[in-house]
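# Per-entry structural report
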Amino acid sequence: MKIDRRGFVRLAAAAASAVAGSAVNGFKAAGGTTARLIDVHHHVFPEPLASVLRTYWPANSLPGLDRSMQELSAGGTSFAMMSYPNYDILSFDKARLSGLIHETNSAAKDLIRPNLQRYGLFASLPLPFVDSALEEITYCYDKLETDGILLLSSYNDKWLGDASFAPVLDELNRRKAVVFVHPAASTCCRGLVPGLSDSVIEYETDTARTLASLLFSGTAERCPDIRFIFSHAGGSMPSLIERFTTATQPSPAVAKNIPKGALAYLRAFHYDTAQAVNPTALGALLRIVEPSQVLFGTDFPYRHAPDQVAALRGLHLPATTLTAILAGNAERLIPRSAAGR
């Protein structure tokens, strides 16, 4: 479904009204029945990682399982994909980072094991250390039976299409992995606006950078079996779409790396709605990709399911599209998210 220009004015007013109004507890489908709600962008921090990140983050930003389960119950969320971004520890040496990520992944699985009908896991990797990351992929899939992998958009000023990461991407492609890409602020571009969190601008920009890196390095062409999910409706990518589609003009050498054209790769990726449930961000994305590629995400603890569902309903999407975004697309991409149906 594509949204026309006239529709943007109507959607803007509707979305604003929905967000301002009362929140909903879950999603009411046609006929008054309660539909399933799957959150693919939901942060829970197991204690090994949380104990380290408390040095960098306020406690409110590091929810544990109890707080998460309260959130799921209060918001009517059926299933959540647990993830724990770790960009503030990339300066750790190889042994410390690899050990911490391994311990955290194990602890996350221990949290999930009694709650398999409520949670899935996007396990983390100790990048930029490629050999350790490859070992952790084997552990996560063969021992923990993870549902997918979390990658950051960049690691120490290297984006995901960087040649140094090729062995990791190739292994994830071999495993047909679901890969959730969470933004980071690359070291080149932190603190550029004094007093402003890097998340306001740099997270969305870094997502666009890593999308460009994957496309124009040829990684997306080489690794077609990775099922990528990009946060926040693709970040600033939609506003750069003309640049992406005409990139071969100023840089003809990249043409061989995107033989299908940039749009074909962008339309094959998936995107979540976290912090993008508004007619500007989500509306722009839906002009580029089909609704089948869009998944519901809250960015808990920073956003909450009732408000996000209310805003989505305010966009007046077709009922089938809304139901697909809220759960159906995730169930297709991550089969275990249908647990408890």
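Description of the structure in this document. (Residues numbered from 1 in each chain as written. Predicted model: local features only at pLDDT ≥ 70, side-chain atom pairs only at ≥ 80, totals over all residues. Heavy atoms only, no water.)

## Here's the deal with the pairing of strand E7 (residues 178-182)
- In terms of burial, E7 is a largely internal element, five of the five residues being buried.
- By the alternation rule, side chains of E7 split into Val178, Phe180 and His182 and Val179 and Val181, which are all buried.
- With four bridges joining them, strand E6 (residues 148-152) and E7 adopt parallel strand pairing. The partner of Ile149 across the bridge, within E7, is Val179.
- Traced from E6 through helix H6 (residues 166-174) to E7, the parallel crossover comes out right-handed.
- As judged from the four bridges shared by E7 and strand E8 (residues 227-230), these two strands associate in the parallel manner. Along E8, the bridge assignment pairs Val181 with Phe230. (Buried < 20%, exposed > 50% of the residue type's maximum accessible area, 1.4 Å probe, protein only. Helix = DSSP H or I, 4+ residues; strand = E, 2+ residues; numbered from the N terminus. Pairing = 2+ DSSP bridges. Right-handed = clockwise from strand over helix to strand, strands pointing away.)

## Structural notes on a nonpolar patch on the surface
- A contiguous nonpolar patch, built from Leu192, Val193 and Leu196 and spanning about 250 Å² of accessible area, is present on the exposed surface.
- Along the chain, Leu192 turns up in the loop between E7 and helix H7 (198-216). (Patch = residues over 30% accessible without salt bridge, like charges linked within 9 Å, V, L, I, M, F, W, Y side chains within 5 Å. Areas by Shrake-Rupley, 256 points an atom, 1.4 Å probe, with all protein chains shown as cover. Salt bridge = Lys/Arg side-chain N within 4 Å of Asp/Glu carboxyl O.)

## Notes on the packing of aromatic side chains
- Inspection of the entire model under this criterion finds ten aromatic pairs.
- Ring centres of Tyr155 and Phe165 lie 5.8 Å apart, and the angle between their planes is 75°; on these two criteria the pair is classed as edge-to-face. With Tyr155 in the loop between E6 and H6 and Phe165 in the loop between E6 and H6, this pair connects stretches of sequence that are ten residues apart. A single burial state applies to Tyr155 and to Phe165, both of which are buried.
- Ring geometry for Phe228 against Phe269: centres 5.5 Å apart, planes inclined by 80°, an arrangement best described as edge-to-face. Linking Phe228 in strand E8 with Phe269 in the loop between helix H10 (262-268) and strand E9 (270-272), this pair joins segments that are 41 residues apart in sequence. With respect to burial, Phe228 and Phe269 carry one shared label: buried.
- One aromatic cluster is present, built from ring pairs that chain together Phe45, Trp57, Tyr87 and Tyr203.
- Its guanidinium or amino end placed over the ring of Phe92, Arg96 lies 3.7 Å from that ring's centre, counting from NZ or CZ. (Phe/Tyr/Trp six-rings, centres within 6.5 Å; stacked < 30°, edge-to-face > 60°. Lys NZ or Arg CZ within 6 Å of the ring centre and 35° of its normal.)

## A look at the sheet that holds strand E4 (residues 79-83)
- Spatial ordering of the open sheet is given by E3-E4-E5-E6-E7-E8-E9-E10, a layout of eight strands whose pairing is parallel. The sheet is open, and its two borders are formed by strand E3 (38-43) and strand E10 (294-295), each paired with just one other strand.
- Bridge analysis of E8 against E9 gives two bridges, and the strand direction is parallel. Bridging across to E9, Phe230 finds its partner in Tyr271.
- Relative to E6, helix H5 (residues 130-142) is tilted by about 150°, and along the sheet it contacts strand E5 (119-124), E6 and E7. (Contact = heavy atoms within 4.5 Å. Axes fitted to C-alpha atoms, helices over the stretch in contact; angles between N-to-C directions.)

## Description of the pattern of salt bridges
- The tally for this structure, following the rule as stated, stands at twelve salt bridges.
- Salt-bridge contacts for Arg36 lead to Glu331; the nearest nitrogen and oxygen are separated by 2.6 Å. On the criterion of sequence distance, the pair formed by Arg36 in the loop between strand E2 (34-35) and E3 and Glu331 in helix H13 (residues 319-333) is long-range, its members being 295 residues apart.
- Residue Glu331 is classed as buried on the basis of its relative accessible area, which comes to 16%.
- Salt-bridge contacts for Asp110 lead to Arg113; the nearest nitrogen and oxygen are separated by 2.7 Å.
- Residue Asp110 is classed as partly exposed on the basis of its relative accessible area of 49%.
- One salt-bridge network, held together by shared partners, links Asp142, Glu171, Arg174 and Arg175.

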